[in-house]
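# Results of the structural survey
The residues making up each chain are set out below.
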Amino acid sequence: MDCRQVTFSPEKSRERTHKALQVFPRKLLMRVLAFALHLLGANRKEVAALVEMPEESVKTLLRVVLRDGFSALRDRRLSATPPIAVAPPSPTQIIVSHGHEGWIVEFGTQGETLNIPATHRIQARTVVLSLLNAGALTLSQSASVLGICDAHCRELARKLASHDVADALVDKREGQKQDFRVGPEQKAELIQQLAARAITGHDTSSEVLAEQVNEQTEAGVSARTIRWHIRHLGLSDIRQSLPQLVETLKKTPTDRG
DNA sequence: TCGATGTTAGTTCTGCCAAT
DNA sequence: ATTGGCAGAACTAACATCGA
């Protein structure tokens, strides 16, 4: 669908969105809009910015909607029943609040405060969960101020009770840990082919190397991937240096005489 | 507490295309 | 002809939430 000639009015959008929010939960409405913008051809990054969602959430949304259809537009983890009202927290001597600036911990009798910037999430968790473990805050107060569910809050507090902050609270995600197409066998073949061809003066272009690696290992990788690995293995320059090194070594007596 | 599901952060892979 | 930057897809694993 070509929308380039369509005029979009920010005023009308504000008006209509406001009206729609009387009926739709904000999150659901944003998910519907994200999917519609995607269908109309908008760039995913721009879609994410427009609906104020992380780009990765938009990615996940599009994947599940295209797989499961309309039902996937709502967060299926959410219960259909309305939330149960939570009893007000019991008064404590320490009060923790969370705003745009960060967290404020009020304690003592003279109104002393500890300010934790919004960017210091681990510090906030350390303080709040320590107070929870010490019995100075309730579970629901702690979970609410940290913006996590009670069950997860309980789990983090339990971990912090038996582990240091680095083990209990620091995010350890590292992403994909191993290559899934170019493994040790393919790398060995790549290095072998590149070295042998560089020394003998044969073609060392990524096209040829990809052909050889695929032939020997049935990897099915592209020339671009071969170039990517050549660069990340630090092999980009050995095409020039390796033949010179071999010539030098030929003229030098071997260690064994 | 646990399994299912969604989210997030990171790496690898690949097509496109400008630069060399 | 070949390389390498860029963007986005594909993938992995940890984090987080939810309901039973």
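In this text the structure is predicted, and so the values were computed from the model without any measurement. (Residues numbered from 1 in each chain as written. Chains lettered and ligands numbered in written order. Predicted model: local features only at pLDDT ≥ 70, side-chain atom pairs only at ≥ 80, totals over all residues. Heavy atoms only, no water.)

The next subject is the overall build of chain A. Along chain A, the regular secondary structure elements total 12 helices and three strands. Sorting the 257 residues of chain A into buried and exposed places 27% on the buried side. The long-range share in chain A, meaning contacts at least 24 apart out of those at least 6 apart in sequence, stands at 39%. By element, 55% of the accessible surface of chain A is carried by carbon and sulfur atoms, the whole surface being about 18800 Å². (Helix = DSSP H or I, 4+ residues; strand = E, 2+ residues; numbered from the N terminus. Buried < 20%, exposed > 50% of the residue type's maximum accessible area, 1.4 Å probe, protein only. Contact = heavy atoms within 4.5 Å. Areas by Shrake-Rupley, 256 points an atom, 1.4 Å probe, with all protein chains shown as cover.)

Looking at chain direction, strand β2 (residues 102–107) and strand β3 (residues 112–117) are connected through six bridges and run antiparallel. Considered in β3, the bridge of W103 is made with I116. Between β2 and β3, which pair antiparallel one after the other, the connecting turn spans four residues, and G108 there sits at a positive phi close to 75°. (Pairing = 2+ DSSP bridges.)

Another aspect to go through is the confidence of the model for chain A. Close reading of the predicted structure is inappropriate where its pLDDT is low. Taken as a whole, chain A shows an average pLDDT of 76; of its residues, 76% reach a score of 70 or greater. Low pLDDT (under 50) marks residues 78–92, which in the prediction has eight contacts with non-local residues, meaning those over four places away or in another chain. (pLDDT = per-residue confidence, 0-100.)

An order of β1-β2-β3 is seen for the three strands of this open sheet, with the pairing classed as antiparallel. Each edge of the sheet is formed by a strand with only one pairing partner; in this case those strands are β1 (95–98) and β3. Averaged over neighbouring strand pairs, the angle between their axes works out to 15° when direction is ignored. Relative to β3, helix α5 (residues 121–133) is tilted by about 140°, and along the sheet it contacts β1, β2 and β3. (Axes fitted to C-alpha atoms, helices over the stretch in contact; angles between N-to-C directions.)

Spanning 12 residues, helix α10 (residues 206–217) covers 16 Å between terminal C-alpha atoms, matching the ideal 16 Å at 1.5 Å per step. S206, V208, L209, A210, Q212, V213 and T217 are the residues of α10 that are buried. Buried positions along α10 lie against α9 (184–200), α11 (223–232) and α12 (238–251). Count one or two residues on from α10 and you reach E218, which has phi positive near 55°. (Expected span 1.5 Å × (residues − 1).)

Here we take up the side chain of S206. With respect to the helices and strands, S206 occurs in helix α10. Looking at S206, its side chain comes within polar contact range of the side chain of R227, at 2.9 Å. S206 has contacts with A223, I226 and R227, leaving out every residue within four places of it along the chain. (Polar contact = N/O pair within 3.5 Å; in protein donor to acceptor, adjacent residues only side chain to side chain.)

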